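Residues per chain are reported as follows:
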Amino acid sequence: MDTNRFKLPSLNALRAFHAAARHGSFRGAAKELSVTPQAVSGQVKLLEDTLQIKLFERRGQSIESTEAAILLARYVDAGFEELSEGVRRVTKRKCRNRINLNVSSYFATRYLLSRLSGFRGFQPRSDLRMTTMVETPDFRRDDIDVAVQWGYGDWGDLEATLLLKDPKVICCTPELAFRVKSRQDLARQRLLHPVLKNTLWSDILEFLGVQAPDDASELAFHDAATMRCATLSGMGIGLISHADAENDILAGDLVAPLGVDALRDMPPETVPGFYLVLPRAHRRVSGIGSFCDWMTGQDWQEATG
């Protein structure tokens, strides 16, 4: 026996702390746990005494997490998530081989669907279920195992692995192109923004050395497909993914007034991409881990469709 192994505190005390840290009050934690606020306070005090550290500053009916509590809460949250996932997997036989995937409709149609037969060959017993929410899902509430999200890799405590960079081309219809003779002309046009990560245009304008006016005309769209349609209809200047821009320019439907390669040298951290995102505990489930290995092993640059 390893006599140096650290003895874990009471599970009930950790549950009370976990709930209190999330709610910011003993009352909110008590309501979630169906106990009294005094019971929650007592369990937190037991944990503080066991660890010999202060976890909360008491301020009337509210509490404020100490630095130690903020650090501990991350690990306790991950631990309870992993426990919950384990219990769910072993008690629901029909779910053991199921993989619930969320992916943007753009990534699904542009990159993923044509490749899924390859995954079936790689893992034939898996039951893959796919949804297409644009926002990052609540993995627990939405019962999602793994997601493909568009952004810059910043998803807090979630594990995020880059699959594919998504550099953009500044595009507009030929009818609008005469208004954009130089990069400075962008400041006087209606710019079409993505709702998610809507700093993209500001990063681009900064890179191009363009000062955006405070009263700039803007429209925001929820996904890449909608922005592309808006650009094609002449609603403004859009940011189109390279593969789509090349097709639309070749067809004569759009032009790149500043050139297709105008944004080629943007700093890598300002170029969005598609990321494989999931709670770290989920990857330890064999089916999900195999799916993640398959996803990260693909050459997504070779788009099909």
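Only a predicted model underlies this, so the values are computations on that prediction, with no experimental measurement involved.

(A) Main features of the overall build of the protein. A count of helical and extended segments in the protein gives 11 helices and 11 strands. A globule of 305 residues ought to have a C-alpha radius of gyration of about 19 Å, yet the protein, at 25 Å, is considerably larger. Out of the 305 residues in the protein, the part that is buried amounts to 42%. Taking contacts inside the protein between residues at least 6 apart in sequence as the whole, the part at least 24 apart equals 73%. Between the centroid of the 38 positive side chains of the protein and the centroid of its 39 negative side chains there is a distance of 8 Å.

(B) Here's a closer look at the environment of R22. Positionally, R22 belongs in helix α1 (residues 11-23). On the basis of relative accessibility, which here comes to 44%, the residue R22 falls in the partly exposed class. Between the C-alpha atoms of R22 and S65, which are 43 residues apart in sequence, the distance is 9.7 Å.

(C) How the structure looks around the sheet that holds strand β5 (residues 146-151). Overall, mixed pairing links the 5 strands, which are arranged β4-β3-β5-β11-β6 in an open sheet. Unpaired on one side and paired on the other, β4 (127-131) and β6 (159-165) mark the two borders of the sheet. Between one strand and the next, the sheet's axes are offset by a mean angle of 25 degrees, whatever the strand orientation. Here β5 pairs with strand β11 (residues 273-278) via 5 bridges, running antiparallel. Note that in β11 the partner of Q149 across the bridge is Y275. Docked against the sheet, helix α5 (residues 105-112) engages β3 (98-103), β4, β5, β6 and β11, running at close to 105 degrees with respect to β3. Helix-sheet contacts for helix α11 (residues 286-296) involve β3, β4, β5, β6 and β11, and the interaxial angle to β11 is about 165 degrees.

(D) Broad picture of helix α2 (residues 26-33). Within α2, burial applies to F26, G28, A29 and A30. On the buried face of α2, the contacting elements are α1, α3 (37-51), β1 (56-59) and β2 (62-65). Where α2 begins, one side-chain oxygen reaches toward the backbone nitrogen of G28, 2.9 Å away; that side chain belongs to S25. S34 lies just past α2 and shows a positive phi near 60 degrees.

(E) Seen up close, the pairing of β11. Taking burial as the measure, the 6 residues of β11 include 6 buried ones, the bulk of the element. Residues of β11 alternate between two faces, with G273, Y275 and V277 on one and F274, L276 and L278 on the opposite face, all of them buried. Pairing geometry for β6 and β11, over 6 bridges, is antiparallel. If you follow E159 over to β11, its bridge partner there is L278.

(F) Local environment of the environment of D77. Its location among the elements puts D77 in helix α4 (residues 67-91). Expressed as a C-alpha distance, the spacing of D77 and A21, which sit 56 residues apart in the sequence, is 9.8 Å. In contact with D77, other than residues within four places in its own chain, are H18 and R140.

(G) Spotlight on the packing of aromatic side chains. This structure, assessed with the given rule, holds 13 aromatic pairs. Relative to F56, the ring of F17 lies with its centre 5.7 Å away and its plane at 40 degrees, an arrangement referred to as tilted. Taken together, the residues span a long stretch of sequence, with F17 in helix α1 and F56 in strand β1 at a distance of 39 residues. Neither residue differs from the other here; F17 and F56 are each classed as buried. An angle of 15 degrees between the planes, with centres 6.1 Å apart, marks the rings of Y106 and F274 as stacked. With a gap of 168 residues between them, Y106 in helix α5 and F274 in strand β11 connect regions that are remote in the sequence. Since its relative accessible area comes to 3%, F274 is described here as buried. Through pairs of rings, three or more aromatic residues link up here, namely Y106, F107, Y111, F119, F274, F291, W294 and W300. Here R110 stacks its cationic end above the ring of Y111, 5.6 Å away from the centre of that ring.

(H) Here's a closer look at the packing of α1 against α3. In contact at an axis separation of 8 Å, α1 and α3 are set at 110 degrees when each is read in the N-to-C sense. In terms of orientation, α1 lies roughly perpendicular with respect to α3. Here α1 and α3 pass one another in a crossing that is left-handed. When α1 is examined against α3, the residues N12, A13, L14, A16, F17 and A20 are found in contact with a partner set consisting of V40, Q43, V44 and L47. When the residues that make up the contact of α1 with α3 are grouped by side-chain class, the tally is 8 nonpolar, 2 polar and no charged.

Criteria and thresholds
- Positions within a chain are numbered from 1, following the residues in the order the chain's sequence is written.
- Note on the predicted model: pLDDT of at least 70 is required for a residue's local features to be given, and 80 or more for side-chain atom pairs to be given and counted; whole-chain, interface and lining totals, by contrast, use all residues.
- Side-chain numbers come from the whole structure's heavy atoms, not from hydrogens or water.
- Strands here mean DSSP runs of E at least two residues long; helices mean DSSP runs of H or I at least four residues long; both are numbered from the N terminus.
- Radius of gyration: over C-alpha atoms. The globule rule applied is 2.2 Å multiplied by the number of residues raised to the 0.38 power.
- Each residue is assigned to one of three classes by its accessible area relative to the maximum for its type, calculated with a 1.4 Å probe on protein chains only: buried under 20%, partly exposed between the two thresholds, exposed over 50%.
- Should any heavy atoms of two residues lie within 4.5 Å, those residues are counted as being in contact.
- In this count, Lys and Arg are taken as positive residues and Asp and Glu as negative ones, while His and the chain termini are left out.
- Think of each charge as sitting on NZ of Lys, CZ of Arg, CG of Asp or CD of Glu.
- Strand pairing is defined by DSSP finding a minimum of two bridges between the two strands.
- Axis geometry follows a simple rule: fit a line to the C-alpha atoms, using only the stretch in contact for helices, then measure angles between N-to-C directions, giving values from 0 to 180 degrees.
- Pairing of N or O atoms within 3.5 Å defines a polar contact, subject to two protein rules: one partner must be a possible hydrogen donor and the other a possible acceptor, and residues neighboring in sequence count only if both atoms are side-chain atoms.
- Think of it this way: a Phe, Tyr or Trp ring, Trp meaning its six-membered ring, pairs with another when their centres are within 6.5 Å, and the plane angle makes it stacked under 30 degrees, edge-to-face over 60, tilted otherwise.
- In this analysis the charged atom, NZ for Lys or CZ for Arg, is taken to sit over a ring once it is within 6 Å of the ring centre and within 35 degrees of the ring normal.
- Angles below 35 degrees are treated as roughly parallel, those above 145 as roughly antiparallel, those between 65 and 115 as roughly perpendicular, and all remaining angles as oblique.
- Crossing handedness follows the turn of the near helix against the far one: under a right angle anticlockwise gives a left-handed crossing, and clockwise gives a right-handed one.
- Think of it as three bins: nonpolar holds Ala, Val, Leu, Ile, Met, Phe, Trp, Tyr, Cys and Pro, charged holds Asp, Glu, Lys and Arg, and polar takes everything else, Gly as well.

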